[in-house]
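Structural features, examined
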Amino acid sequence: MTAARRTWSGAVVQLGSLVSVNFGSAVAGLLIPAVGVAPVVAARQLVTAATLLPFWRPSRATFAPNRLGPAVALGLALVGMNLSFYAAVHLLGLGIAAVIEYLGPFALAVLGSRRLVDGFCAAGAALGVVLLSEASGSMNALGVVCALLAAAFWAAYILLSRRVALTLPGLEGITIASIVTTLIAVPLALVLIDWRALTVRDGLMLLALGVLSSAVPYTLDVFVLRRLTPRIYAVVTAFGPAVAALFGWLVLAERFTLAMIAGIALVVVSSAVAILSHREPDSQPRTLTRDETAG
C-alpha cells in the first residue's frame with residue numbers, strides 16, 4: 001500500500017472513530033435526564049478499564065511514587081473532564097458543549113505563539129463562539145461554566161498525558177488513569193442513581209454508550225496509529241465539534257441556525273489552519289486525545 005493510500009485509509013478510520021465517540025455522546029445526552037451524569041461517566045469508564053486491563057502488565061517500578069503520581073493526576077483530570085463535559089451536554093446540548101470544550105486543546109496549541117497566522121486563527125475561533133452564543137440566545141450560564149471546565153481539564157489532560165508517556169511505557173499510564181477515574185465515578189454513580197427509575201433499556205443504553213465511546217475507538221486507534229502522522233491526526237480531530245453537532249441534530253433534535261453553523265465552521269477551520277501551518281516535525285510523538293479516553 002502506498003503512503004498516500006495508507007494516510008487516506010487512516011483518516012477515514014479516524015473519522016469513523018470520531019463518529020463512534022460522538023454518537024456515544026449523543027446517547028449520553030438521551031440518558032442523562034433519566035440516570036444522571038455520574039452513571040453515564042461510570043459506564044464509560046468501566047468499559048474503558050475493561051478494554052485496557054487485559055493488555056496491562058504492571059511491573060514493580062510502575063508503582064514508584066514518581067511514576068505513579070502523574071498517572072493518578074491524569075485520572076483526576078480525566079474524571080473532571082468527563083463529569084463537566086456531560087453536564088454541559090445536558091445543559092447546553094451536544095453541539096455547543098463540544099465546540100466550547102474544544103477551545104481547551106485549541107488554546108493550548110496557540111498559547112504563547114507569536115505567529116500572525118495563529119493570532120488570526122484564535123480570533124476566528126473566538127468569533128465562532130460569539131456567533132454560537134449570539135445565535136443560540138441566552139445560553140445556560142452553568143452549562144457554559146461546565147463546558148469551560150471541560151476545556152480546561154482537556155488541556156490539563158493533554159499536558160499530563162505527555163508527561164505520563166515519558167515515565168510509563170505503552171498503555172500503562174492511561175490504564176492507571178482509567179482505574180482512578182473508575183474508582184471515583186462508580187461509587188459516585190452508585191450513590192446518585194435512582195435505582196427504582198432505572199430500566200432495562202437504560203442499562204442497555206449505558207452499555208452501548210461505553211462500547212461506542214471507548215471499546216470501538218480503542219480498537220480503531222490500533223489501525224489509525226500505524227497510518228497517520230500526528231499532524232494529520234490533529235487535523236481530523238479538529239472536525240470533532242462538527243461531528244458532535246451533526247449527532248446533536250440527528251439524535252437529540254438540536255436545532256442550529258445558519259449563524260450557529262457558521263460559528264462551528266469557524267472553530268473547525270481555524271483549528272485546522274493552525275495545525276496545518278505549524279512547522280513541528282510529523283515525527284513528534286502523538287498525545288492521546290479525549291476521544292480515545294473520554295467524552
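Everything numeric here is computed off the predicted structure, so don't read it as measured data.

1. A word on the overall build of the chain
Across its full length, the chain holds 11 helices and 0 strands. Along its sequence from the N terminus, the chain presents helices and strands in the succession α-α-α-α-α-α-α-α-α-α-α. Taken over the C-alpha trace, the chain has a radius of gyration of 18 Å; the compact-globule value for 295 residues is 19 Å, and the two agree within 12%. The principal-axis extents of the C-alpha atoms in the chain amount to approximately 50 × 45 × 40 Å. Of all 295 residues assigned to the chain, the portion counted as buried reaches 49%. Residue pairs at least 24 apart in sequence account for 90% of intrachain contacts in the chain once pairs closer than 6 positions are excluded. Once the 19 positive and 12 negative side-chain charges of the chain are each reduced to a mean point, those two points are 8 Å apart.

2. A short note on the nonpolar core
Ranked by size, the top nonpolar core spans 72 residues in total, and within it Val40 and Tyr86 carry the most contacts. Counting residues per element, this core draws most heavily on helix α3 (residues 65–92), which supplies 11 residues. With 7 residues, the next largest nonpolar core counts Ala11, Leu18, Leu228 and Tyr233 among its residues.

3. Remarks on the environment of Ile158
Examined against the element boundaries, Ile158 turns out to sit in helix α6 (residues 141–167). Among the residues examined, Ile158 registers a relative accessible area of 11% and is labelled buried. As a C-alpha pair, Ile158 and Ala77 span 81 residues in sequence and 9.5 Å in three-dimensional space.

4. Brief notes about unusual backbone geometry
The phi dihedral of Ala253 is positive, around 60°, even though this residue is not glycine. Inspection of the secondary structure puts Ala253 in the loop between α10 (240–252) and α11 (258–276). Look at Ala253 and you get partly exposed, because its relative accessible area is 46%.

5. Some points on helix α2 (residues 37–52)
Look at α2: 23 Å from first C-alpha to last across 16 residues, which is about the 22 Å you get at 1.5 Å a residue. α2 sits mainly inside the fold: 13 of its 16 residues count as buried.

6. Brief notes about the packing of aromatic side chains
This structure, assessed with the given rule, holds 3 aromatic pairs. A ring pair is formed by Tyr102 and Trp154, whose centres lie 5.9 Å apart and whose planes are at 70°; its orientation type is edge-to-face. With Tyr102 in helix α4 (residues 94–110) and Trp154 in helix α6, this residue pair connects regions lying 52 residues apart in the sequence. In this pair, the class of Tyr102 matches that of Trp154, namely buried.

7. Observations regarding the pattern of salt bridges
A side chain with one charge can pair with a side chain of the opposite charge if their charged atoms come near. According to the stated counting rule, one finds 2 salt bridges in the structure shown. Ionic pairing is found between Asp118 and Arg115, a salt bridge with its closest N-O pair at 2.7 Å. A relative accessible area of 4% places Asp118 in the buried class. A residue is classified by how much of its surface remains accessible, and Arg115, at 27% relative accessible area, is partly exposed.

8. A few points about a nonpolar patch on the surface
On the surface, a cluster of nonpolar side chains totalling about 320 Å² of accessible area is made up of Leu91, Leu142, Val145 and Leu149. The biggest single contributor to the nonpolar patch is α6, with 3 residues. Relative to the helices and strands, Leu142 is located in helix α6.

9. A few points about α4
For α4, spanning 17 residues, the distance from its first C-alpha to its last is 25 Å, which sits close to the expected 24 Å at 1.5 Å a residue. The sharpest bend along α4 measures roughly 30° and falls at Gly104, with the proline Pro105 sitting one to four residues further on. The buried fraction of α4 amounts to 13 of the 17 residues, a majority that puts the element mostly inside the structure.

Conventions adopted
Residues numbered from 1 in each chain as written. Predicted model: local features only at pLDDT ≥ 70, side-chain atom pairs only at ≥ 80, totals over all residues. Heavy atoms only, no water. Helix = DSSP H or I, 4+ residues; strand = E, 2+ residues; numbered from the N terminus. Rg over C-alpha atoms; globule rule 2.2 N^0.38 Å. Buried < 20%, exposed > 50% of the residue type's maximum accessible area, 1.4 Å probe, protein only. Contact = heavy atoms within 4.5 Å. Lys, Arg positive; Asp, Glu negative; His and termini not counted. Charge placed at Lys NZ, Arg CZ, Asp CG, Glu CD. Core = buried A, V, L, I, M, F, W, Y, C linked by side-chain atoms within 4.5 Å. Expected span 1.5 Å × (residues − 1). Phe/Tyr/Trp six-rings, centres within 6.5 Å; stacked < 30°, edge-to-face > 60°. Salt bridge = Lys/Arg side-chain N within 4 Å of Asp/Glu carboxyl O. Patch = residues over 30% accessible without salt bridge, like charges linked within 9 Å, V, L, I, M, F, W, Y side chains within 5 Å. Areas by Shrake-Rupley, 256 points an atom, 1.4 Å probe, with all protein chains shown as cover. Bend = angle between axes of the 7 residues up to and from the residue.

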